[in-house]
Each structure stands twice: as C-alpha cells, then as structure tokens.
Amino acid sequence: MNFSKCLLVLIVCLFSSVSVNAVKVKFGINVDMLMSSLTTSYKAPDLPDMDVPLREFSCSPKFGMGFGVKVKIDLWKGLGIESGVGYSFYGMRTDWGGMLHDRGAGRVEESEIKFDNFYFPVLVFYKINIPAIRYIFVPSVSTGPVIEFAAGPRTVFGENNTSTLVHWKFGIELLFKEHFEFSAGYNLPLNNAFTFGAVIDSSRKYKTVNNKVNYWSVGVGYFF
C-alpha cells in the first residue's frame, strides 16, 4: 500500500471541499512531548538445554519530542479538519532477554531503538461549544491518521526496516482565548515498525516477529 499517495488523495479531497464550505482557517505551531513504547509478538522460548534461560521481553519507554506547523479549518457546526507537517523523534530501550535472532551475531539482549520522522496528520475534529465558557476556552476531540516518513535509515539489529509508519491518533484539545492550545493524545500503530526472525519455541526454527510502536503525546500550541 502506497501511504504517500493515499495521503495526497486525502489532502486534495479535503481541501477541495474546504474551498466551498470553510468558515475559518487558522494556522499555528506546536511542540509535543512524546512517550513511546514497543509491543512485540516475541515470546521467550523454553529451551532446557541452555545454560542461561532466556528471559521475557521488557521495554523501558523514553521521552521524545515533536515540532510542527498545522492548519485548522472549521467546516460546519463544530466539525473541521486539521493537517500540517512536523518532525518528531522518539524511541525506547528494550531487553530481549538473550533472544536468538537471524540478524547480526544471532543473539541480542539490550537494545536502544530510535525513530526520527517527518509526520503528516490528517485529522477530523469536533469542537464542543459550551456557551458559558466559550469565550475563555473551547474543548474539542480529534481523530485520524498520522503518517510518518523516516528522516533517516531505520536500523534495527543492523538491518534497515519500515520507512513509513502509520498511526491512528485519538486526541483532546483545549483552546484558550482562541490562540493557546493544550493537547493530549494517543497514537495507535496500524503497521509494523520492524520485523525479524527469532527462535520462539522449542523447534529452534526462526519465525517472524512483528513489532509495533505506540506513543502518548502532551503538547502546547499557538494559533495566529
């Protein structure tokens, strides 16, 4: 699936409708703090003949950052779209417990994995217009895909991996005085960040291990 082509089609369709129906367009900048973690299908096999038994996988999340510019377009009765472009970096420290894998030397324990991305969100949002507070702040909820293209080679265990990550974002925002926005969100992975072969059972045959990255975000932005 060519995600870059899908993104282009989405943006063209959205902005085609905006030319007729847009009520307000706002441009802004944002900074986000990210906390990521890795979910994997790897399970440590029980191999009684090994001197040191393999341990289960564990992951220690690390903080990352995101910087971007974005545009919000109000369409109709609180509904709108948000898009933009930005740069993000995040990662995690993993302990594979002495995993036997098919890349490199064949055995790995601790590893630090990093992701540097150029990202493009295409979100739909809904403003919750509460008359008593709308002149102070306006809450909203948002959801949609965030497509991330590698800013450099994604090297894991000495091999290049997936260059495009796709997440589905669920977010909440508070817009104060029409300019300052505070936000929080969760990014659910839709594709693998990387794959490799590893021994996962007593057969000692290499089998495919899938790995996905999810992350939380907390951010602040300013709209002009």
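Residues numbered from 1 in each chain as written. Predicted model: local features only at pLDDT ≥ 70, side-chain atom pairs only at ≥ 80, totals over all residues. Heavy atoms only, no water.

**Concerning empty space enclosed by the protein**
Okay, so step 1: With the rule as written, the count across this model stands at two cavities of 30 Å³ or more.
Okay, so step 2: Approximately 320 Å³ is the volume attributed to the largest cavity.
Okay, so step 3: Lining the largest cavity are 27 residues, with N30, D32, Y119, P121 and K169 sitting closest to its centre.
Okay, so step 4: When residues of the lining of the largest cavity are traced back to their parent elements, those giving at least two are β1 (24-40), β2 (58-76), β3 (79-100), β4 (107-127), β5 (137-150), β8 (164-176), β9 (180-189) and β11 (206-223).
Okay, so step 5: Across the lining of the largest cavity, the residue classes break down as nine nonpolar, 11 polar and seven charged.
Okay, so step 6: Considering only enclosed or pocket space, the second largest cavity measures out at about 100 Å³ in volume.
Okay, so step 7: Taken together, 13 residues line the second largest cavity, and the ones lying closest to its centre are K72, F125, K127, L175 and E181.
Okay, so step 8: Of all the elements in the fold, those that place two or more residues in the lining of the second largest cavity are β1, β2, β4, β5 and β8. (1 Å grid on protein atoms, 1.4 Å probe; cavity = no way out; pocket = protein on both sides within 12 Å on 5 of 7 lines; lining within 4 Å. Points joined across faces, edges and corners; volume = space filled by probe spheres on them. Helix = DSSP H or I, 4+ residues; strand = E, 2+ residues; numbered from the N terminus. Nonpolar A, V, L, I, M, F, W, Y, C, P; charged D, E, K, R; others polar.)

**Section: the layout of surface pockets**
Okay, so step 1: There is about 470 Å³ of room inside the largest pocket.
Okay, so step 2: Forming the boundary of the largest pocket are 19 residues, of which K24, K127, N129, V138 and E178 lie nearest the centre.
Okay, so step 3: If you list the elements that add at least two residues to the lining of the largest pocket, you get β1, β2, β4 and β5.
Okay, so step 4: When the residues that make up the lining of the largest pocket are grouped by side-chain class, the tally is nine nonpolar, two polar and eight charged.

By themselves, these figures tell us nothing about what the structure is for.
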